[in-house]
Amino acid sequence: MSKYNLDYLDELEAEAIHILREVAGQFEKPALLFSGGKDSITLVRLAEKAFRPGKFPFPLVHIDTGHNFQETIDYRDKMVERLGEKLIVGSVQESIDLGKVVEQTGKSASRNALQTVTLLDTIALHGFDACIGGARRDEEKARAKERIFSVRDEFGQWDPKRQRPELWNIYNGKIHKGENVRVFPISNWTELDVWNYIRREKIDLPSIYFAHDRDVITRNGQLMAASPFLNMDDEDVVERKRVRFRTVGDMSCTAAVESNADQIDIIIEEISASKISERGARMDDKVSEAAMEDRKKGGYF
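Thresholds, definitions, all that
Residues numbered from 1 in each chain as written. Predicted model: local features only at pLDDT ≥ 70, side-chain atom pairs only at ≥ 80, totals over all residues. Heavy atoms only, no water. Phe/Tyr/Trp six-rings, centres within 6.5 Å; stacked < 30°, edge-to-face > 60°. Helix = DSSP H or I, 4+ residues; strand = E, 2+ residues; numbered from the N terminus. Buried < 20%, exposed > 50% of the residue type's maximum accessible area, 1.4 Å probe, protein only. Patch = residues over 30% accessible without salt bridge, like charges linked within 9 Å, V, L, I, M, F, W, Y side chains within 5 Å. Areas by Shrake-Rupley, 256 points an atom, 1.4 Å probe, with all protein chains shown as cover. Salt bridge = Lys/Arg side-chain N within 4 Å of Asp/Glu carboxyl O.

(A) Region of interest: the packing of aromatic side chains. Under the definition given, this model contains eight aromatic pairs. Seen in terms of ring centroids, Phe-149 and Tyr-171 are 5.3 Å apart; in terms of plane orientation they differ by 25°. Their pairing is stacked. Taken together, the residues span a long stretch of sequence, with Phe-149 in strand 5 (residues 149-152) and Tyr-171 in the loop between strand 5 and strand 6 (180-183) at a distance of 22 residues. Of the two residues examined, Phe-149 and Tyr-171, each falls in the buried class. Taking the centre distance of 5.9 Å and the plane angle of 80° together, the rings of Trp-195 and Tyr-209 count as edge-to-face. With Trp-195 in helix 6 (residues 191-201) and Tyr-209 in the loop between helix 6 and strand 7 (212-219), the pair connects residues that are 14 residues apart, well separated along the chain. The pair formed by Trp-195 and Tyr-209 is uniform in burial state, with each residue classed as buried. Members of the aromatic cluster, joined through ring pairs, are Phe-27, Phe-149 and Tyr-171.

(B) A nonpolar patch on the surface, seen in detail. A surface patch of nonpolar side chains, amounting to about 410 Å² of accessible area, comprises Leu-167, Trp-168 and Ile-170. With respect to the secondary-structure elements, Trp-168 resides in the loop between strand 5 and strand 6. According to the relative accessible area criterion, Trp-168 is exposed, its value standing at 74%.

Written out as C-alpha cells, the structure reads:
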C-alpha cells in the first residue's frame, strides 16, 4: 500500500512500532512503564503488534503509590494475566517504610511526587537502561521539550539542554554507564489520536474512563473522588455526581470531570469540544508554572 493511502492512525502506529523495535535492538535491559492509564494501555497494544507471536523483550513496570484507583489495579492484573508477560511492581509504601521518602502531611498531601524515588530505585535494582513511557507532547509544556529518546544522567535526572537531535527518524541510544533513556513512542500522538486508536482497535479500558456515579468532594475547584486517601475534614462535603476521569493517577491528585460520556464515541465528541487540557485535571501540575518540569528534572516519568 502506498504511504499516501495510509490512514493517519496507521502512520502513527507504524512510527510507534518502529520506535519499540529500535528499543529492543539498541538496549540490553529495557522496560515498559505501565500506569494502568489509556496511554500505557495503548503502548501495550502497540507492543503486541511489534513483537507477537513472540514474548515482549521487556517486562511491564508499575510504580504503585498504594493510593491507586482499584479499578486500575484490577485492570492491570487481568491484562497481565491475559498477556502472560512479566510484571514488576515498585512500591511507594515500601520506599516510605524504608525511610527513603517521607509521607506528606496536610490537606493536600499526595504520594504522586514520591513515585520518583521508587522509580529510580526500581530502575537501579533491575539495571534497566531504557524505560518506555506513554507521555505525549500535547499533555503539558514540559513534555513538549522531550525527544523520543530522552537521555537521563546517572542520577536519573533530565536536562532539556542535553537533548539530542533526532533527524530522519534516527534514534541514538548510546549512553554512558549508569545513564538510562526514557523512550516515548507516542510522543507525536494527541489525546484525540489515542482515543481514536482505542476505538479503532476496540481496546478495553478501566471503567473510570467512562461516566459513572461516584461520591466526590470539591477541592480547589476540582472534583476529587472521596476516598480514605484524601485528608478530608468537616469542610469537605461528599456529593454523588456523574463523572469520569480523563487521566489516571494517584487518587489524591487526580480529579474527575462531570460527564455523561459512557461510550467512546461520546467521549471523543466531548474531548473535541473541550477547552481544558487533559492534565488540567491533575492537582500536582498546579503547584507552580514549572511543576512538571521540576519533577522531570528530578527523575519523574
